[in-house]
Amino acid sequence: DSTVNWKYAMEYGPIPDLRFRGVYTEGFRAPSISERVFPQTLSAQAYVDPCENYGTSGASANVVANCQADGLAPDFNMATYQATSVFVFFSDLKPEESESLTFGVVIAPEALPNFTASLDYFQIEITNAIGVSGTTNVIEGCYESANFSSSWCSLIAGPTQSLVNEAPHITSPRRNAPGQISGVMLNNANLAAFETEGIDFAVNYLLDFGNF
């Protein structure tokens with residue numbers, strides 16, 4: 001991966017006591033080797049099952065219909081709240097990119113030579129952030145869709161996935177014999193964006209302890 005990133009900075013001091021400053025920068029982070037080529041890894045992930053007590057839990061109509069299609073009773077309960085999941089890493093990840101903007105003011109009065117105060121506003125945005133969809137997010141996205149139509153459902157490979165290799169449920173292809181969701185494929189992808197903004201305020205005063 002290669003890129004050209006820009007940085008623009010300005011500083012202006014109309015009087016010795018006062019200085020204005022501002023910076024705009026672009027950032028870039030290429031995916032690490034472990035994010036691209038790490039082998040598939042089996043894991044037991046805690047999750048919330050939308051089918052638990054779906055008859056009385058106030059579940060949506062889609063969830064109720066999908067749990068019934070799984071062959072689960074309305075008072076379905078699990079012995080453990082873990083789903084066998086598989087972390088999957090891809091080599092075609094895009095780099096993460098960012099833009100940041102800061103501008104502020106610095107006060108350094110000549111009458112108080114050891115004193116400075118600054119106030120800065122910052123705004124940061126990250127796109128194409130690399131991450132993994134959570135197990136609960138995948139399962140809820142699937143079961144909230146009509147007739148398991150969501151693309152999230154394709155990420156539930158089921159207990160017969162080669163790395164999982166668990167005994168299948170008698171009526172549900174997404175669950176193992178005890179009834180837990182199984183074979184959730186947690187793909188590493190450019191799936192997130194982050195934005196933040198705020199204000200930094202700082203006051204500094206230097207003391208010369210050599211005079212004491």
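Everything quoted here is computed from the prediction, not taken from an experiment. (Residues numbered from 1 in each chain as written. Predicted model: local features only at pLDDT ≥ 70, side-chain atom pairs only at ≥ 80, totals over all residues. Heavy atoms only, no water.)

## Overview of the confidence of the model for the chain
Of all residues in the chain, 98% attain a pLDDT of 70 or more, and the chain-wide mean is 91. Across the chain, the secondary-structure element scoring lowest on mean pLDDT is helix 1 (residues 33-37), at 81, and the one scoring highest is helix 2 (residues 61-69), at 97. (pLDDT = per-residue confidence, 0-100. Helix = DSSP H or I, 4+ residues; strand = E, 2+ residues; numbered from the N terminus.)

## Quick look at helix 2
What helix 2 keeps buried is the set Val 63, Asn 66 and Cys 67. On an axial view of helix 2, the arc spanned by its buried residues comes to 100 degrees, and they lie on one face. Facing away from the buried side of helix 2 by more than 90 degrees, the exposed set consists of Ala 61 and Ala 69. Next to the buried residues of helix 2 lie helix 3 (135-143). At the exit of helix 2 stands Gly 71, carrying a positive phi of roughly 80 degrees. (Buried < 20%, exposed > 50% of the residue type's maximum accessible area, 1.4 Å probe, protein only. Arc of directions from axis to C-beta. Contact = heavy atoms within 4.5 Å.)

## Quick look at the sheet that holds strand 2 (residues 18-29)
One open sheet holds the seven strands; their spatial order is 1-2-5-6-7-4-3, and the pairing between them is mixed. Pairing within the sheet leaves two strands with one partner each, and these edge strands are strand 1 (7-15) and strand 3 (41-46). Here the strands of the sheet are splayed against their neighbours by 25 degrees on average, with no regard to which way each runs. In terms of strand pairing, strand 4 (residues 82-88) meets strand 7 (residues 182-205) through five bridges, oriented parallel. What sits directly across from Val 88, in strand 7, is Asn 187. Docked against the sheet, helix 3 engages strand 3, strand 4 and strand 7, running at close to 120 degrees with respect to strand 7. (Pairing = 2+ DSSP bridges. Axes fitted to C-alpha atoms, helices over the stretch in contact; angles between N-to-C directions.)

## Focus on the side chain of His 169
Here His 169 lies in the loop between helix 3 and strand 7. In this structure His 169 comes out as buried when scored by relative accessible area, which is 15%. Within polar-contact distance, the side chain of His 169 engages the backbone nitrogen of Thr 171 at 3.0 Å. For His 169, the contacting residues outside a window of four places in its chain are Asp 70, Leu 72, Arg 175, Asn 176, Ala 177 and Gly 179. (Polar contact = N/O pair within 3.5 Å; in protein donor to acceptor, adjacent residues only side chain to side chain.)

## A look at the state of the cysteines
Covalent bonding between the sulfur atoms of two cysteines is what defines a disulfide. Enumeration over the complete set of coordinates arrives at two disulfides. Two residues, Cys 51 and Cys 67, share a disulfide whose sulfurs are 1.9 Å apart. Looking down the S-S bond of the Cys 51 and Cys 67 bridge, the torsion is -95 degrees, so its handedness is left-handed. Of the two residues, Cys 51 sits in the loop between strand 3 and helix 2 while Cys 67 sits in helix 2, which places them 16 residues apart along the sequence. In terms of burial, Cys 51 and Cys 67 fall into one category: buried. One disulfide in the model links Cys 142 with Cys 153; its S-S distance is 2.1 Å. Across the S-S bond of Cys 142 and Cys 153 the torsion is about 105 degrees, and the bridge reads as right-handed. With Cys 142 in helix 3 and Cys 153 in the loop between helix 3 and strand 7, the pair connects residues that are 11 residues apart, well separated along the chain. On the basis of relative accessibility, which here comes to 12%, the residue Cys 153 falls in the buried class. Of note for the chain: the bonded cysteines, numbered N- to C-terminal, pair according to 1-2, 3-4. (Disulfide = S-S within 2.5 Å.)

## Let's talk about the packing of aromatic side chains
Using the criterion set out here, one finds four aromatic pairs in the structure. With a centroid separation of 5.3 Å and an interplanar angle of 45 degrees, the aromatic rings of Phe 103 and Tyr 121 are classed as tilted. Of this pair, Phe 103 sits in strand 5 (residues 96-107) while Tyr 121 sits in strand 6 (residues 115-132); the two residues are 18 residues apart in sequence, bridging distant segments of the chain. Classification of Tyr 121 by relative accessible area gives partly exposed; the value is 23%. Pairing Tyr 143 with Phe 148 gives two aromatic rings, centres 5.2 Å apart and planes at 85 degrees, and the pair type is edge-to-face. On the accessibility criterion, Tyr 143 (0% relative accessible area) is buried. Overall, the relative accessible area of 16% leaves Phe 148 in the buried class. Linked through ring pairs, Trp 6, Tyr 8 and Tyr 24 together constitute an aromatic cluster. (Phe/Tyr/Trp six-rings, centres within 6.5 Å; stacked < 30°, edge-to-face > 60°.)

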